[in-house]
Amino acid sequence: AQKITQTQPGMFVQEKEAVTLDCTYDTSDPSYGLFWYKQPSSGEMIFLIYQGSYDQQNATEGRYSLNFQKARKSANLVISASQLGDSAMYFCAMREAWILTGGGNKLTFGTGTQLKVEL
Amino acid sequence: SAVISQKPSRDICQRGTSLTIQCQVDSQVTMMFWYRQQPGQSLTLIATANQGSEATYESGFVIDKFPISRPNLTFSTLTVSNMSPEDSSIYLCSVDSLDGGYTFGSGTRLTVV
């Protein structure tokens, strides 16, 4: 089974509108972390936001917020007031605990969502 | 958070040759991670490199094809050996920044012809 599922291969949003990028995850580890990264066409990976499994509140970082629904195992990224510079590939990733992975701290990535912001 | 310098940024190589990719971190880190991103695909972990021990390889990746060195806590290399066109990918190194996120190098775009 996929550990991280991103069901939207591509998304379009109008400039200044909000957009939600979906991510669901699968783990039996009670301690895990969820990450979102942005990858522009240059190929670099830009860290956006992090949510720990024990965090009580949804994470926010500027225009980025994470809609964390633990019971549903979803961690959707919300980008408010989209800008043209937000056009990029977005990856959801999960880190499980050392004991279950055997390797410690490695990230498992979803397949990504290509976001295009339009005028 | 940590800053990673990754070199080269891109290369075009002949099949059958090898390429060594370097990552230099501006602070000491315990683990470094090496990822491959094939065209249009997600990132796949190749191996985890700890200083002073053999790297731990993920299923589908072997040391003979992707030897890794980790001579100290700020530096690591990944070699792509006996390359074929299927090795054409972006290769990225990463470290745990300990501030919640992972920092990535800028990536190496490899094209094998």
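Residues numbered from 1 in each chain as written. Chains lettered and ligands numbered in written order. Predicted model: local features only at pLDDT ≥ 70, side-chain atom pairs only at ≥ 80, totals over all residues. Heavy atoms only, no water.

## Quick word on the overall build of chain A
Spelled out, the test is: Numbering of helices and strands runs from the N terminus, with a helix taken as a DSSP run of H or I at least four residues long and a strand as a DSSP run of E at least two residues long. Each residue gets one of three labels from its accessible area relative to the maximum for its type: buried under 20%, exposed over 50%, partly exposed in between, using a 1.4 Å probe on protein chains only. Here the open area of atoms and residues is found with the Shrake-Rupley method and a 1.4 Å probe, where only the protein chains shown may cover a residue. By the counting scheme adopted, Arg and Lys are positive, Glu and Asp are negative, and His together with the chain ends is not counted. In plain terms, the charge of a residue is placed at NZ if it is Lys, CZ if Arg, CG if Asp and CD if Glu.
Regarding its fold elements, chain A presents 1 helix and 12 strands. Each helix and strand of chain A, ordered N terminal to C terminal, gives the series β-β-β-β-β-β-β-β-β-β-α-β-β. Each principal axis of the C-alpha atoms in chain A carries an extent, and together these give about 45 × 30 × 25 Å. A buried classification covers 48% of the 119 residues belonging to chain A. Summed over its atoms, the accessible surface of chain A is roughly 5800 Å², and 50% of this surface lies on carbon and sulfur atoms. Averaging the coordinates of the 10 positive side-chain charges in chain A and doing the same for the 11 negative ones gives two points 4 Å apart.

## Let's talk about the environment of proline 30 of chain A
Residues and elements named next belong to chain A. Where we set the bar: Any two residues whose heavy atoms approach within 4.5 Å at even a single point are treated as in contact.
Topologically, proline 30 is positioned in the loop between strand 4 (24-25) and strand 5 (32-39). Judged by relative accessible area, which is 52%, proline 30 ranks as exposed. Here the alpha-carbon distance between proline 30 and tyrosine 54, two residues 24 residues apart in the chain, equals 8.5 Å. Among all residues touching proline 30, those that are not within four sequence positions of it are Ser53 and Tyr54.

## Things to note about the packing of aromatic side chains
Our working definition: In this scheme Phe, Tyr and Trp rings, the latter by its six-membered ring, pair at centre separations within 6.5 Å, and the angle between planes marks the pair as stacked below 30 degrees, edge-to-face above 60, and tilted otherwise. Remark: a charge is flagged as sitting over a ring if the NZ atom of Lys or the CZ atom of Arg is within 6 Å of the ring centre and within 35 degrees of the ring normal.
For the structure on display, the rule yields 16 aromatic pairs over all chains. For the pair tyrosine 25 of chain A and phenylalanine 68 of chain A, a centre-to-centre distance of 6.5 Å together with 20 degrees between the ring planes defines the contact as stacked. Residue tyrosine 25 of chain A is found in strand 4, and its partner phenylalanine 68 of chain A is found in strand 8 (residues 64-69); the two are separated by 43 residues along the sequence. An aromatic cluster is built from Phe35, Tyr37, Phe47, Tyr50, Phe91 and Phe109 of chain A together with Phe33, Tyr35, Tyr102 and Phe104 of chain B, whose rings are joined through pairwise contacts. Residue placement shows arginine 63 of chain A over the ring face of tyrosine 64 of chain A; its charged tip is 5.7 Å from the ring centre.

## Looking at the pattern of salt bridges
Condition: Salt bridges, as used here, are contacts in which a Lys or Arg side-chain nitrogen is within 4 Å of a carboxyl oxygen on Asp or Glu.
Throughout the structure, instances matching the rule amount to 5 salt bridges over all chains. With a shortest N-O distance of 3.9 Å, aspartate 26 of chain A and lysine 73 of chain A are connected by a salt bridge. Of this pair, aspartate 26 of chain A sits in the loop between strand 4 and strand 5 while lysine 73 of chain A sits in the loop between strand 8 and strand 9 (74-79); the two residues are 47 residues apart in sequence, bridging distant segments of the chain. Between aspartate 87 of chain B and lysine 65 of chain B there is a salt bridge, and its shortest N-O distance comes to 2.6 Å. Linking aspartate 87 of chain B in the loop between strand 8 (75-80) and strand 9 (89-96) with lysine 65 of chain B in the loop between strand 6 (56-57) and strand 7 (68-72), this pair joins segments that are 22 residues apart in sequence. On the basis of relative accessibility, which here comes to 4%, the residue aspartate 87 of chain B falls in the buried class.

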